Amino acid sequence: MTLFQLEVFLAVVQTGSFTRAGELLNASQSGVSHSIGDLEKELGIPLFTRNRKGVKLTDTGEQILSHVREIMNHTEQIHQAAAASRGMNSGTIRIGAFPSFSANVIPELFQAFRSHYPGVELLLFEGSYAEVEAWIKAGVVDLGFLADPSDGLDAVQLLSDPYVAILPANHPLREHDMISIEQLTHEPFLSLKSGCEHLVMRAFQKRGLSLNKQFEVAENSTILSMVEAGIGVSIVPSMILPAVPANVAVRPLHPPIIRNIGLAVLSQHMVSPAAAAFIKEAQMRFLEHT
């Protein structure tokens, strides 16, 4: 068993295709097939089922996937530890983030990190809270930005993001400087279904209130467009709003609803030198803005 065979195995899992895995690794399709065949022969079991739609892991393949990822993660840590002794001029960090954070924070943060460590490659995986958390636990990403990370992860707190009420521009409540959730109880409500809505639901439940929920929306831009069109009102994290909001009224909430955003890893003791440097960079940048 070789590290290259394991790298090929992960590439096939990621792409779902021997051909695309070869393109990812700059290898031929036959070379990929040969590597997987040799690995299956050594283990004495099939790792993939093959059909017209592509390839899929067998049950045994699923069982060894996490172990292969762990091996490759440790291999990357070995390379990065060596790179650190040379001034950390190489390495790869896989980073998970949810969309509003990616759009508003990631570009500046990545640029700052690359200015200090130009040889370290940054790979961004964008998904929902649940997806990012699952990626961290499965080793798909080295670290991830999450709102209110679960107890099963090591996390450092970075910033707090207050929620705001968004209303159609001509809504009567626009006259108020602040809005309570009680004032929104009977309004047609649009729920942002991306993981951040649980804090809103909890706030209503805590006060024994119910929502007049009309729609659940996955995309930030969609919910802004629907509020702008007068379809309903919503409560969203302020981070999702563009620098110049759409034709909507934005008001702070009283009492406030706040999501705490942190940078999470599976274990602080297992992060690579490059990932540790990235965490430090993130902490320093947010410290500058507090």
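Cut-offs and rules
- Residues numbered from 1 in each chain as written.
- Predicted model: local features only at pLDDT ≥ 70, side-chain atom pairs only at ≥ 80, totals over all residues.
- Heavy atoms only, no water.
- Helix = DSSP H or I, 4+ residues; strand = E, 2+ residues; numbered from the N terminus.
- Polar contact = N/O pair within 3.5 Å; in protein donor to acceptor, adjacent residues only side chain to side chain.
- Phe/Tyr/Trp six-rings, centres within 6.5 Å; stacked < 30°, edge-to-face > 60°.
- pLDDT = per-residue confidence, 0-100.
- Core = buried A, V, L, I, M, F, W, Y, C linked by side-chain atoms within 4.5 Å.
- Buried < 20%, exposed > 50% of the residue type's maximum accessible area, 1.4 Å probe, protein only.
- Contact = heavy atoms within 4.5 Å.
- Pairing = 2+ DSSP bridges.
- Salt bridge = Lys/Arg side-chain N within 4 Å of Asp/Glu carboxyl O.
- Axes fitted to C-alpha atoms, helices over the stretch in contact; angles between N-to-C directions.
- Parallel < 35°, antiparallel > 145°, perpendicular 65-115°, else oblique.
- Left-handed = near helix turned anticlockwise from the far one by under 90°.

(A) The arrangement of the side chain of Arg259 in detail. Inspection of the secondary structure assignment puts Arg259 in strand 11 (residues 258–265). Separated by 3.1 Å, the side chains of Arg259 and Ser100 make a polar contact. Polar side-chain contacts of Arg259 include one of 2.4 Å to the side chain of Tyr129.

(B) Structural detail: the packing of aromatic side chains. Scanning all chains against the criterion turns up 11 aromatic pairs. On the basis of an interplanar angle of 55° and a centroid distance of 5.7 Å, the ring pair of Phe98 and Phe101 is categorised as tilted. Joined through ring pairs, the aromatic side chains of Phe98, Phe101, Phe110, Phe113, Tyr117, Tyr129, Phe145 and Phe278 make up one cluster.

(C) Expanded view of the confidence of the model for the protein. Mean pLDDT over the protein: 86, with 94% of residues reaching 70 or higher. Mean pLDDT values over the elements of the protein span from 80, in helix 4 (residues 59–85), up to 93, in strand 10 (residues 248–252).

(D) Structural view of unusual backbone geometry. With an omega dihedral of -5°, the bond running from His254 to Pro255 counts as a cis peptide bond. Among the structural elements, Pro255 can be located in the loop between strand 10 and strand 11.

(E) Seen up close, the nonpolar core. If you look at the biggest cluster of nonpolar residues, it comprises 70 residues, and the most contacted ones within it are Ile93, Phe101, Leu143, Phe145, Ile235, Leu263 and Phe278. With residues up to four places along the chain from it excluded, the contact list for Phe101 reads Ile106, Phe145, Leu159, Met239, Ile261 and Phe286. Val8, Leu10, Val32 and Leu65 belong to the second largest nonpolar core, which has 18 residues in total.

(F) View of the environment of Ile179. Along the chain, the position of Ile179 falls in the loop between strand 6 (154–168) and strand 7 (189–192). For Ile179, a relative accessible area of 1% translates into the label buried. Along the chain, Ile179 and Glu219 lie 40 residues apart, while their C-alpha atoms are 24 Å from each other. Non-local contacts of Ile179, meaning those with residues more than four positions away in its chain, are made with Ala165, Leu167, Leu173, Leu184, Arg251, Pro252, Leu253 and His254.

(G) Structural view of the pairing of strand 5 (residues 143–147). Most of strand 5 sits out of view: 5 of its 5 residues are buried. Side chains Leu143, Phe145 and Ala147 of strand 5 all project onto a buried face; the interleaved residues Gly144 and Leu146 project onto the opposite face, where all are buried too. Where strand 3 (residues 92–97) lies against strand 5, 2 bridges are found, and the strand directions are parallel. Across the sheet, Ile95 pairs through a bridge with Leu143, a residue of strand 5. Pairing analysis gives 4 bridges linking strand 5 to strand 11, with the strands arranged antiparallel. Residue pairing across strands places Phe145 opposite Leu263, the latter belonging to strand 11.

(H) Quick peek at the pattern of salt bridges. Inspection of the entire model under this criterion finds 9 salt bridges. A salt bridge links Asp142 to Arg94; the shortest N-O distance between them is 2.9 Å. You can see Asp142 sitting in the loop between helix 7 (129–138) and strand 5 and its partner Arg94 sitting in strand 3, a full 48 residues away along the chain. For Glu182, the salt bridge goes to Arg207, with nearest N and O atoms at 3.6 Å. In this pair, Glu182 is assigned in the loop between strand 6 and strand 7 and Arg207 in the loop between helix 8 (197–206) and strand 8 (213–217), connecting sequence segments 25 residues apart. According to the relative accessible area criterion, Arg207 is partly exposed, its value standing at 32%.

(I) Representation of the packing of helix 1 (residues 3–15) against helix 2 (residues 18–25) in the model. Relative orientation of the contacting elements helix 1 and helix 2 amounts to 120°, with a least axis distance of 8 Å. Considering the angle they form, helix 1 stands oblique to helix 2. Helix 1 and helix 2 meet at a crossing whose hand is right-handed. Contacts between helix 1 and helix 2 involve Glu7, Val8, Ala11, Val12, Gln14 and Thr15 from the first element and Phe18, Arg20, Ala21, Leu24 and Leu25 from the second.

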